[in-house]
Amino acid sequence: MHVLVTGGAGYIGSHTCLELLNAGHQVTVVDNLSNSSEESLQRVSTLTGKEIAFFRIDLLDQLGLDAVFRDNQFDAVIHFAALKAVGESVAKPLAYYQNNITGTVNLCDATQRHHVSHFVFSSSATVYGIPRSLPLTETSATPMEEVTNPYGRSKLMLEYILKDWQASQPQTNVALLRYFNPVGAHESGQIGEDPNGIPNNLLPYISQVAVGKLERVGVFGCDYETPDGTGVRDYIHVVDLARGHVLALDKLAENPGVVTYNLGTGNGYSVLEIVAAFERACGKKIPFTFLDRRPGDIAVCYADPSLAKTELGWVAERGIDEMCTDGWRWQSQNPSGYTTIAGS
Ligand code: NAD
Ligand code: UFG
């Protein structure tokens, strides 16, 4: 297939481009580089020995987007492009709704006008709000009032928008992929997560402590109802997540309409277990301090990934030690992310 990947220069997008190319697909990327570097795509090309067509375009630029669709015959769209910082979304809700919702509506419009029938969307476990029971299945409740920030609400709203769109266009097929907590990096150490400024998420924070850029990890809360009192999440290796997208495209080729899948491992790890796993991976002590709970955080979240296994033939193959080892390889070889100069 010829696949348009929006946000393809970003963390999950770049890993997915690599898996798509290795699976024999042709890849075109649209990205405005607001949170990424074109260097990631150059490295994917080097790793795969295959070209990626790249267009630096913002999804809010309807004419630019239309030109990319006009000049290419895509078979499918994988839509990663979004703003994703939870705290920033609280401070700048309109920027988040404009970028994530208007950007997606523009993309659907172009997809429809150019008769592209397969669409994969990056959703999130955040749509489940506060879990009523665990593990979370695709039929678990997704109550809007429990999603605690504009970023998360943009994902839940977009799930509804995409379902409404598909209902009006039965020839269109949509996969809503609900990611749990993507971490790690490609085993080459050449591509990985390169956050701007101080990381919001646990794993990039820990790896920047390990590499000496940050002093100590602040652990948000030690009094949750979990075995060690710290928050529990379902961490998933980004390469397993990327493979899930390739399999989702195969599923859409069966014309299923709308399908929704959890992409997680089914295992929960606490913050302290992750700190310990990262210490094993990097061979260093990771200093940490307990802080207050972070507003909006839940205690425990993990997936039932069995539907993706049954319907996509997908299982997460990489465990927590591989996630930390691969994440550390990327961080230690690229201490300043994609701006690192070789050998520095
Ligand atoms: P990322 O920031 O690394 O990648 C997103 C990419 O989209 C970036 O390259 C950015 O430059 C681009 N982009 C943003 N707005 C754009 C616009 N208007 N036009 C064109 N390009 C634009 O983030 P990521 O971690 O790779 O996340 C990819 C997707 O997965 C996002 O939709 C995110 O919400 C979703 N997701 C991420 C996580 C996570 O923890 N990383 C969890 C659940 C869901
Ligand atoms: N945590 C810390 N210290 C930190 C960062 C995080 O203790 O510096 C804790 C959090 O309290 C939580 C766990 O580590 O218990 C994981 O936190 P992350 O910020 O890494 O991830 P979240 O589960 O909060 O959210 C992430 C993404 C969301 C996405 C969600 C999907 O940030 O966008 O996973 O499940 F929706």
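Being a predicted model, the structure only gives us computed values, none of them experimental.

The rules we used
- Residues numbered from 1 in each chain as written.
- Chains lettered and ligands numbered in written order.
- Predicted model: local features only at pLDDT ≥ 70, side-chain atom pairs only at ≥ 80, totals over all residues.
- Heavy atoms only, no water.
- Phe/Tyr/Trp six-rings, centres within 6.5 Å; stacked < 30°, edge-to-face > 60°.
- Helix = DSSP H or I, 4+ residues; strand = E, 2+ residues; numbered from the N terminus.
- Buried < 20%, exposed > 50% of the residue type's maximum accessible area, 1.4 Å probe, protein only.
- Near = heavy atom within 4 Å.
- Polar contact = N/O pair within 3.5 Å; in protein donor to acceptor, adjacent residues only side chain to side chain.
- Areas by Shrake-Rupley, 256 points an atom, 1.4 Å probe, with all protein chains shown as cover.
- Expected span 1.5 Å × (residues − 1).
- Nonpolar A, V, L, I, M, F, W, Y, C, P; charged D, E, K, R; others polar.
- pLDDT = per-residue confidence, 0-100.
- Axes fitted to C-alpha atoms, helices over the stretch in contact; angles between N-to-C directions.
- Parallel < 35°, antiparallel > 145°, perpendicular 65-115°, else oblique.
- Left-handed = near helix turned anticlockwise from the far one by under 90°.
- Contact = heavy atoms within 4.5 Å.

Draft legend 1. Representation of the packing of aromatic side chains within the structure. In this structure the tally under the stated criterion is six aromatic pairs. Pairing phenylalanine 119 with tryptophan 165 gives two aromatic rings, centres 5.5 Å apart and planes at 80°, and the pair type is edge-to-face. Separated by 46 residues along the polypeptide, phenylalanine 119 in strand β5 (residues 118–124) and tryptophan 165 in helix α6 (residues 150–168) bring together distant segments of the chain. The two residues phenylalanine 119 and tryptophan 165 agree in class, both being buried.

Draft legend 2. Region of interest: the site of ligand 1. Neighbouring ligand 1 are 25 residues; Asp31, Asn35, Ser36, Phe80 and Tyr151 lie closest to it. Glycine 10 is positioned such that a nitrogen or oxygen atom in its backbone is 3.3 Å from an oxygen atom of ligand 1. Asparagine 99 is positioned with one of its side-chain polar atoms (N or O) 2.8 Å from a nitrogen atom of ligand 1. A total of 820 Å² of accessible area belongs to ligand 1 in isolation, and the protein chains cover 95% of it. When residues of the shell around ligand 1 are traced back to their parent elements, those giving at least two are α1 (11–22), β5 and α6.

Draft legend 3. Spotlight on α1. For α1, built from twelve residues, the straight-helix expectation of 16 Å at 1.5 Å per residue is met to within 8% by its first-to-last C-alpha distance of 17 Å. With eleven of twelve residues buried, α1 is to be regarded as a mostly interior element. When we look at burial in α1, the residues that qualify are Tyr11, Ile12, Gly13, Ser14, His15, Thr16, Cys17, Leu18, Glu19, Leu20 and Leu21.

Draft legend 4. Geometry of the site of ligand 2. The local shell around ligand 2 holds 19 residues, among which Ser124, Asn201, Gly218, Arg233 and Asp297 are the closest. Within the contact set of ligand 2, an oxygen atom lies 2.9 Å away from a side-chain nitrogen or oxygen of asparagine 181. Separating an oxygen atom of ligand 2 from a backbone N or O atom of leucine 202 is a distance of 2.8 Å. In the complex, the protein chains occlude 89% of the 680 Å² of accessible area that ligand 2 would expose alone. Along the lines of polarity and charge, the residues of the shell around ligand 2 split into nine nonpolar, seven polar and three charged.

Draft legend 5. Region of the structure containing the confidence of the model for the protein chain. For the protein chain, the mean per-residue pLDDT works out to 97, and 99% of the residues sit at or above 70. Ranking the elements of the protein chain by mean pLDDT puts helix α4 (residues 86–91) last, at 93, and strand β1 (residues 2–6) first, at 99.

Draft legend 6. Spotlight on the packing of helix α7 (residues 202–210) against helix α11 (residues 320–333). With their axes 10 Å apart at the nearest point, α7 and α11 run at an angle of 55° to one another. Viewed along their axes, α7 and α11 adopt a mutual orientation that is oblique. Regarding α7 and α11, the two cross each other, and that crossing is right-handed. Contacts between α7 and α11 involve Leu203, Pro204, Ser207, Gln208 and Ala210 from the former and Cys324, Trp328 and Gln331 from the latter. Of the residues assigned to the contact of α7 with α11, the class counts are five nonpolar, three polar and no charged.

Draft legend 7. Region of interest: the side chain of aspartate 240. Structurally, aspartate 240 can be placed in helix α8 (residues 238–252). A distance of 2.7 Å separates a polar atom in the side chain of aspartate 240 from a polar atom in the side chain of arginine 318. Not counting residues up to four positions away in its chain, the partners in contact with aspartate 240 are Trp314, Val315, Ala316, Glu317 and Arg318.

Draft legend 8. Representation of the packing of helix α3 (residues 62–71) against helix α5 (residues 93–113) within the structure. α5 packs onto α3 with a crossing angle of 35° between their chain directions and a minimal axis gap of 10 Å. Judged by the twist between their axes, the crossing of α3 over α5 is right-handed. Each of Gln62, Leu65, Asp66 and Phe69 in α3 lies in contact with α5, whose residues at this interface are Asn106, Leu107, Asp109, Ala110, Thr111 and Arg113. Here the contact of α3 with α5 is built from residues that sort into four nonpolar, three polar and three charged.

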